[in-house]
Amino acid sequence: MSFMMRKSQERPAPRPTPRRVEPASIIAVASGKGGVGKTFMAITLASAFAQAGKRTLLVDGDLGLANVDVQLGIAPETDLAAVIAGWVELDDAVTPVDGGAADGGFDVLPGRSGSGALAELPPEEVARLAAGLSALALQYDQVVVDLGAGIEANCMRLARAADKALMVITDEPTSMTDAYAFIKVLRGYAPNVEPVVCINQADSRAAGQRTYEAIARACQTFLGFRPHLAGVVIRDPKVRDAIRCQKTLISTDPQAQPIQDAIAISQMLIGAASAAELGN
């Protein structure tokens, strides 16, 4: 513990961050099951928001199996586990990527990779974390929260802090079934959070549209609403290569089709947030 505190004290003082009048739009990136590209989508969205000039924070909200730092190839000095332990404040655990949110990149609030230490947090700790994220959002334009896969209670508690839940779904039957289960639980647990659908790893636009229609029909039939389609991301082996190299695909091949698809999704989400602000 003393070592963690000493490291925190040795870090250079962060640059003052201007507070916004309104908090950022918080987007929880979710999936019913693992292996559908959820973390890749969360990282790519954060990159796309940053490129659009939005001050962006990416939060690794997978309390059981955090891996945003691994996919980005960064070695953060501290993380959410240190925040929960009371060693550092939430905003002191932020790690800049590509210059950070103040310099054209984005900020990351990392979890603790390779550890399940946060998986069994008491509900009150998760509620405090969610409240802290909402306060931290005052410093950003966009906050992206990479949730853990599934519908366990702490995952849903973090999801409740979001404005939208971007459901990442593939055409695998288990992905579709589990995504429907997540949407159903979310509608009951956090009715103010709007679920929107992203079809990932689609073989074609038409195939992605068919997958969306199947999940939309199930929601319409059994839940009485039809979630919006945020977009379809075409399958590309370059995604796997970028993950293996611990690089963002948007930095290595910005013209790759999955990147163009993710940018279109980010623009749709920015437009929806702007429309909501005007409506208020």
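Residues numbered from 1 in each chain as written. Predicted model: local features only at pLDDT ≥ 70, side-chain atom pairs only at ≥ 80, totals over all residues. Heavy atoms only, no water.

- With an unreviewed UniProt entry as reference, the protein is termed MotR protein, source organism Hyphomonas adhaerens MHS-3.

**Examining the overall build of the protein**
Piece 1. Secondary structure assignment for the protein yields eleven helices and eight strands.
Piece 2. Split into buried and exposed, the 280 residues of the protein put 49% on the buried side.
Piece 3. Partitioning the contacts of the protein with sequence separation of at least 6, the portion at a separation of at least 24 is 78%.
Piece 4. Approximately 12700 Å² of the protein is accessible, and the part contributed by carbon and sulfur atoms is 53%. (Helix = DSSP H or I, 4+ residues; strand = E, 2+ residues; numbered from the N terminus. Buried < 20%, exposed > 50% of the residue type's maximum accessible area, 1.4 Å probe, protein only. Contact = heavy atoms within 4.5 Å. Areas by Shrake-Rupley, 256 points an atom, 1.4 Å probe, with all protein chains shown as cover.)

**Observations regarding the sheet that holds strand 6 (residues 164–169)**
Across a sheet, paired strands are connected by hydrogen bonds in the backbone, their directions being either parallel or antiparallel.
Piece 1. In space, the eight strands of this open sheet follow the order 3-4-2-5-1-6-7-8, with mixed pairing throughout. Sheet topology places strand 3 (95–97) and strand 8 (228–234) at the edges, where each strand pairs with a single neighbour. Along the sheet, successive strands turn relative to each other by an average axial angle of 25 degrees, direction set aside.
Piece 2. Relative to strand 7 (residues 194–202), strand 6 runs parallel, the two being bridged by six bridges. Its bridge partner lying in strand 7, K164 is registered against E194.
Piece 3. On top of the sheet, helix 8 (residues 205–223) reaches strand 6, strand 7 and strand 8; it is set at about 145 degrees to strand 8, its chief contact. (Pairing = 2+ DSSP bridges. Axes fitted to C-alpha atoms, helices over the stretch in contact; angles between N-to-C directions.)

**Describing the packing of helix 7 (residues 173–189) against helix 8**
Piece 1. Relative to each other, helix 7 and helix 8 sit at 40 degrees, their axes nearing to 11 Å. Taken together, helix 7 and helix 8 sit at an angle that is classed as oblique. Remark: the crossing between helix 7 and helix 8 carries right-handed chirality. On helix 8, the residues that touch M176, Y180, I183 and K184 of helix 7 are T211, A214, I215, A218, C219, F222 and L223.
Piece 2. By residue class, the composition of the contact of helix 7 with helix 8 is nine nonpolar, one polar and one charged. (Parallel < 35°, antiparallel > 145°, perpendicular 65-115°, else oblique. Left-handed = near helix turned anticlockwise from the far one by under 90°. Nonpolar A, V, L, I, M, F, W, Y, C, P; charged D, E, K, R; others polar.)

**Focus: the pairing of strand 1 (residues 25–30)**
Piece 1. With respect to burial, strand 1 is a largely interior element, six of its six residues being buried.
Piece 2. Alternating positions in strand 1 separate into two faces, S25, I27 and V29 on one and I26, A28 and A30 on the other, with burial throughout.
Piece 3. Where strand 1 lies against strand 5 (residues 142–147), five bridges are found, and the strand directions are parallel. Bridge pairing in strand 5 places V29 opposite D146.
Piece 4. Strand direction decides the pairing type here: strand 1 and strand 6, joined by four bridges, are parallel. Bridged to A30 within strand 6 is M167.

**Re empty space enclosed by the protein**
Piece 1. Using the criterion set out here, one finds three cavities of 30 Å³ or more in the structure.
Piece 2. The computed volume of the largest cavity comes to approximately 60 Å³.
Piece 3. As for the largest cavity, its lining consists of F40, I43, T44, Q71, L72, I243, K247, T248 and L249.
Piece 4. At the level of elements, helix 2 (38–51) and helix 3 (68–72) are the ones that each hand at least two residues to the lining of the largest cavity.
Piece 5. For the lining of the largest cavity, the element with the most residues is helix 2, which contributes three residues.
Piece 6. Residue composition of the lining of the largest cavity, by class: five nonpolar, three polar and one charged.
Piece 7. Of the pockets and cavities examined, the second largest cavity occupies roughly 40 Å³.
Piece 8. If you trace the second largest cavity, you find it lined by T170, D171, I199, N200, Q201, A202, D203, A207, G208 and T211.
Piece 9. Counting only elements with at least two residues in the lining of the second largest cavity, the list comes to strand 7 and helix 8. (1 Å grid on protein atoms, 1.4 Å probe; cavity = no way out; pocket = protein on both sides within 12 Å on 5 of 7 lines; lining within 4 Å. Points joined across faces, edges and corners; volume = space filled by probe spheres on them.)

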